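These are the residues of each chain, in order.
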Amino acid sequence: MSIFDRIASLGHEQVIFCQEPASQYRAILCIHSTRLGPAIGGTRVLRYASEEDALVDALRLSRAMTYKNAAAGLGVGGGKAVILAPEGDFDREKLFRAHGRAIDRLGGRFTTGEDVGTSPADMEFVALETKWVGGRTGRAGGDPSPWTALGVFCGMQAAAHAQWGSRDLRGRSVAIQGLGNVGMALGQHLHEAGARLIVADVNVDRVRRAREAWDATSVEPDAVLAAEADILAPCALGGVLNDESVPRIRAQVVAGAANNQLLDDCHGAMLAGRGIVYAPDYIINAGGVLTAGVGLHGWSLAEVETKVRGIFDTVGEVLALARRDGLPTNQAADRFAEIRLQPSGS
Ligand code: NAD
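Computed from a predicted model, the values in this text were never measured in an experiment. (Residues numbered from 1 in each chain as written. Predicted model: local features only at pLDDT ≥ 70, side-chain atom pairs only at ≥ 80, totals over all residues. Heavy atoms only, no water.)

Participant: Can you break down the sheet that holds strand S11 (residues 253–254) residue by residue, with the values?
Facilitator: Spatial strand order, S9-S8-S7-S10-S11-S12: six strands in an open sheet with parallel pairing. Sheet topology places strand S9 (217–218) and strand S12 (277–278) at the edges, where each strand pairs with a single neighbour. Looking at chain direction, strand S10 (residues 231–234) and S11 are connected through two bridges and run parallel. Across the sheet, Ile 231 pairs through a bridge with Val 253, a residue of S11. Each of strand S7 (173–177), strand S8 (196–200) and S10 is contacted by helix H6 (residues 181–192), which is oriented at about 170 degrees to S7, the strand it contacts most. (Pairing = 2+ DSSP bridges. Helix = DSSP H or I, 4+ residues; strand = E, 2+ residues; numbered from the N terminus. Contact = heavy atoms within 4.5 Å. Axes fitted to C-alpha atoms, helices over the stretch in contact; angles between N-to-C directions.)

Participant: Run through the packing of aromatic side chains, naming residues and quoting values.
Facilitator: Within the structure shown, the criterion is met by zero aromatic pairs. Sitting over the ring of Trp 164, Arg 172 keeps its end group 3.8 Å from the ring centre. (Phe/Tyr/Trp six-rings, centres within 6.5 Å; stacked < 30°, edge-to-face > 60°. Lys NZ or Arg CZ within 6 Å of the ring centre and 35° of its normal.)

Participant: Which residues make up the site of the ligand, and what values go with them?
Facilitator: Not every one of the 21 residues close to the ligand is listed here, only the nearest: Thr 148, Val 182, Asp 201, Arg 206 and Asn 259. Between an oxygen atom of the ligand and a main-chain N or O atom of Asn 181, the distance comes to 3.0 Å. Between Asp 201 and the ligand, the recorded distance is 2.7 Å, taken from a side-chain N or O atom to an oxygen atom. Bound to the protein, the ligand loses 73% of the 830 Å² it would expose on its own. When contributions to the shell around the ligand are tallied by element, the ones reaching two or more residues are helix H5 (145–164) and H6. When the residues that make up the shell around the ligand are grouped by side-chain class, the tally is eleven nonpolar, eight polar and two charged. (Near = heavy atom within 4 Å. Polar contact = N/O pair within 3.5 Å; in protein donor to acceptor, adjacent residues only side chain to side chain. Areas by Shrake-Rupley, 256 points an atom, 1.4 Å probe, with all protein chains shown as cover. Nonpolar A, V, L, I, M, F, W, Y, C, P; charged D, E, K, R; others polar.)

Participant: Give me the lowdown on the pattern of salt bridges, citing residues and values where you can.
Facilitator: Per the stated rule, a full pass over the model turns up 20 salt bridges. Between Glu 129 and Arg 101 there is a salt bridge; the shortest N-O distance is 3.1 Å. Within this pair, whereas Glu 129 is found in the loop between helix H4 (120–127) and H5, its partner Arg 101 is found in helix H3 (residues 92–104), the two being separated by 28 residues in sequence. Looking at Glu 129, the relative accessible area reads 21%, which means it is partly exposed. Under the relative-accessibility criterion, Arg 101 is labelled partly exposed at 29%. The partner of Asp 325 in a salt bridge is Arg 335, and the shortest N-O contact between them spans 2.9 Å. Placement of Asp 325 in helix H13 (residues 311–325) and of Arg 335 in helix H14 (residues 329–341) is noted, with a sequence separation of ten residues between them. (Salt bridge = Lys/Arg side-chain N within 4 Å of Asp/Glu carboxyl O. Buried < 20%, exposed > 50% of the residue type's maximum accessible area, 1.4 Å probe, protein only.)

Participant: Would you mind going over the packing of helix H2 (residues 51–72) against H14 in detail, with residue names and values included?
Facilitator: Taken N-terminus to C-terminus, the directions of H2 and H14 make an angle of 75 degrees; their axes are 8 Å apart at the nearest point. Here H2 lies roughly perpendicular to H14, going by the angle between them. Residues Thr 66, Tyr 67, Ala 70, Ala 71 and Ala 72 of H2 form the contact with H14, whose own contacting residues are Asp 334, Phe 336, Ala 337, Glu 338, Arg 340 and Leu 341. Class assignment of the residues belonging to the contact of H2 with H14 gives a composition of seven nonpolar, one polar and three charged. (Parallel < 35°, antiparallel > 145°, perpendicular 65-115°, else oblique.)

What follows is the structure, encoded as structure tokens:
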């Protein structure tokens, strides 16, 4: 497929290739859509097998940001930047300042933040060259993880309501895969709501903390997806819902924070076929992204909390759309975002 055909097939507005040899800087900046506002999306630094792989990743990720931001009601568009990691050691200040200059030339059409391979410290270098950067140390909404966890908790209640007719999680068993920043905070919400917790992590110290804090039961990391639980909450890795795992899942609801939980779109249909309610990942894990409203729109933290709690309604709407149109919930999520992206959409 030619580059223009590829861009056209995904509907991108603009794709910019940037380079600055003195800084070892080579990057692809993708603005997928500014229909709802300036494009927002993180900067990823990776060593790609090929330039084509980097382009495909940037195109795919930037489109996903448009959908995620639209569904979250953030009032912004979607974009993403991919920096091709230089060979060997490199000067991060030089690299990220070059990135800042490239972003600055776009005059605010694209604002970035941290992502895989970047840190708040890198964003400080970007900020030396442009104001179009968020995710800096100690700024705006702070650590997004607690907000992500709160949003997942609310979205899980909506999924429970869709499956069992009640949002109450008291007495429900929830298996959490991954006790990191989000998984731990989610576990605390669930514990306080009276849920019984089953936990797994490759980090034994985190498992021990969860057992002590919540009287949780622990299982081996490779057993958690098939745990005897009402709800499965993937909070570790992408691609965990796949040909091998979906037939083994015993939970009737899957609702967790991990990005790209479905290995492939078809696994959404496979879950629906088994009667499992799947809360689509980019809908339920939008709590963190909503903190961008602090810097973008001047939202107070109380306003952020209201929006994050609104994930209960958003997940409910997406699940209702899926039922109404006979769609797997992942496809309903895309349709939900596309409705918001239409000129007449809300
Ligand atoms: P994290 O790195 O803090 O935690 C991940 C946890 O998963 C770690 O404790 C790790 O030991 C554990 N883990 C890794 N492999 C595992 C395995 N095979 N089995 C069980 N546990 C395993 O990450 P996080 O910030 O808590 O994010 C969790 C997920 O949610 C990620 O997929 C992330 O992309 C996604 N997400 C996070 C946010 C956020 O605000 N942090 C927002 C949206 C999406």
